[in-house]
Amino acid sequence: MKNPLESETFINAPIEIVWDLWTNPKHIAKWNNMSDEWHTPITENDLRVGGRLFLRMEMKDSSDGFDYTCIYDDVVVNKKISHTTSDNRKTEILFLVIEDGVRLTETFEPESKTPLDIQKDFCQSILDNFKAYVEKTI
């Protein structure tokens, strides 16, 4: 990975629940946003090596939006997901079981147009939303 950025969160839940809520499209749609003004109305996930993840993220008022597409390079259930985005950037997500929960770490190659701090904050806000979603769901 070239100049990777990393975000991390700790989730107080069993790995099986964390994995399911991270990978199940009906759940992805509920947590995959950076703020309450955004949502993910389309989620498709074929979680297997060579499978495709497609997300449509947009402002609830429709003033902005984008598609996120990637192909899975590696999937190790309850441990690791890595993928390559449509613009050839690599991402790795690690699920580490620790006492009282799971440490989820996302490492990704940034894109060149957006300042690095904004990209890191974007990723961290999504991880924070995921943590909150999991912990209120269980």
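So, here is what we can say about the structure in this document.

1. As for the packing of helix 1 (residues 15-23) against helix 3 (residues 116-137)
Here is step 1: The N-to-C vectors of helix 1 and helix 3 enclose an angle of 125°; their axes lie 11 Å apart at closest approach. Compared by their axis directions, helix 1 and helix 3 come out oblique. At the point where helix 1 passes helix 3, the crossing takes the right-handed sense. On helix 3, the residues touching Ile17, Val18, Leu21 and Trp22 of helix 1 are Leu127, Phe130, Tyr133, Val134 and Thr137.
Here is step 2: Here the contact of helix 1 with helix 3 is built from residues that sort into eight nonpolar, one polar and no charged.

2. Concerning the pattern of salt bridges
Here is step 1: Tallied over the entire structure, the rule returns ten salt bridges.
Here is step 2: One salt bridge connects glutamate 44 with arginine 52, and the closest N-O pair in it is separated by 3.2 Å.
Here is step 3: Judged by its relative accessible area of 39%, glutamate 44 falls in the partly exposed class.
Here is step 4: On the accessibility criterion, arginine 52 (37% relative accessible area) is partly exposed.
Here is step 5: For arginine 89, the salt bridge identified is with aspartate 87, shortest N-O distance 3.0 Å.
Here is step 6: Looking at arginine 89, the relative accessible area reads 18%, which means it is buried.
Here is step 7: Given the relative accessible area of 42%, aspartate 87 is considered partly exposed.

3. Thoughts on the layout of surface pockets
Here is step 1: Quantified by volume, the largest pocket comes out at close to 730 Å³.
Here is step 2: Phe66, Tyr68, Glu106, Phe122 and Ile126 are, among the 31 residues lining the largest pocket, the residues nearest its centre.

4. Some remarks on the nonpolar core
Here is step 1: Among the nonpolar cores identified, the biggest contains 29 residues, and Val18, Trp22, Phe95, Leu104 and Phe130 are the most heavily contacted of them.
Here is step 2: For this core, the secondary-structure elements that each account for two or more residues are strand 1 (5-11), helix 1, helix 2 (25-31), strand 3 (52-59), strand 4 (65-76), strand 6 (90-98), strand 7 (101-108) and helix 3.
Here is step 3: Once residues lying within four places of it in the same chain are set aside, the contact partners of leucine 104 are Ser7, Glu8, Thr9, Ile11, Val18, Trp22, Ile93, Leu94, Phe95, Leu127 and Phe130.

5. Overview of the sheet that holds strand 7
Here is step 1: Within the open sheet, the seven strands sit side by side as 1-7-6-5-4-3-2. Their pairing is antiparallel. Of all the strands in the sheet, the pair left with one neighbour each is strand 1 and strand 2 (38-45). The average angle at which neighbouring strand axes cross in this sheet is 20°, direction not considered.
Here is step 2: Pairing between strand 2 and strand 3: six bridges, direction antiparallel. Looking across to strand 3, one finds that threonine 43 is bridged to leucine 55.
Here is step 3: Its contacts with the sheet place helix 1 against strand 1, strand 2, strand 4, strand 5 (80-85), strand 6 and strand 7, and it is angled at close to 155° to strand 6.
Here is step 4: Along the sheet face, helix 3 touches strand 1, strand 3, strand 4 and strand 7 and points at about 15° away from the line of strand 1.

Procedures and definitions
- For every chain, the first residue of the written sequence is number 1, and numbering continues from 1 along that sequence.
- Local features in this predicted model are restricted to residues whose pLDDT is 70 or higher, and side-chain atom pairs enter the listing and the counts only when it is 80 or higher, whereas totals over whole chains, interfaces and linings include all residues.
- Calculated side-chain values reflect all of the structure's heavy atoms, with hydrogen atoms and water omitted.
- Only the stretch in contact is used when fitting a helix axis, every axis being a line fitted to C-alpha atoms; angles between N-to-C directions are given from 0 to 180 degrees.
- The numbering of helices and of strands both runs from the N terminus, where a helix is a DSSP run of H or I of at least 4 residues and a strand a run of E of at least 2.
- The scheme is simple: roughly parallel for angles under 35 degrees, roughly antiparallel for over 145, roughly perpendicular for 65 to 115, oblique for anything else.
- Should the near helix be turned counterclockwise from the far one by less than a right angle, the crossing is left-handed, whereas a clockwise turn marks it as right-handed.
- In this analysis, two residues are considered to be in contact whenever any of their non-hydrogen atoms come within 4.5 Å of each other.
- Each residue is assigned to one of three groups, with Ala, Val, Leu, Ile, Met, Phe, Trp, Tyr, Cys and Pro labelled nonpolar, Asp, Glu, Lys and Arg labelled charged, and all others, Gly among them, labelled polar.
- We count a salt bridge whenever a side-chain nitrogen from Lys or Arg sits within 4 Å of a carboxyl oxygen from Asp or Glu.
- Burial classification: accessible surface area is computed with a 1.4 Å probe over protein chains only, and a residue below 20% of its type maximum counts as buried, one above 50% as exposed, and the rest as partly exposed.
- In this analysis the probe radius is 1.4 Å and the grid spacing 1 Å, with only protein atoms considered; a cavity is a set of points the probe fits into but cannot get out of, a pocket is an open set with protein on both sides within 12 Å along at least five of seven lines, and lining residues have an atom within 4 Å of a point.
- Grid points are joined across faces, edges and corners, and a volume is the space filled by probe spheres set on the points.
- The set of buried Ala, Val, Leu, Ile, Met, Phe, Trp, Tyr and Cys residues whose side-chain atoms join them within 4.5 Å is what this entry labels a nonpolar core.
- At least two DSSP bridges between two strands are required for those strands to pair.

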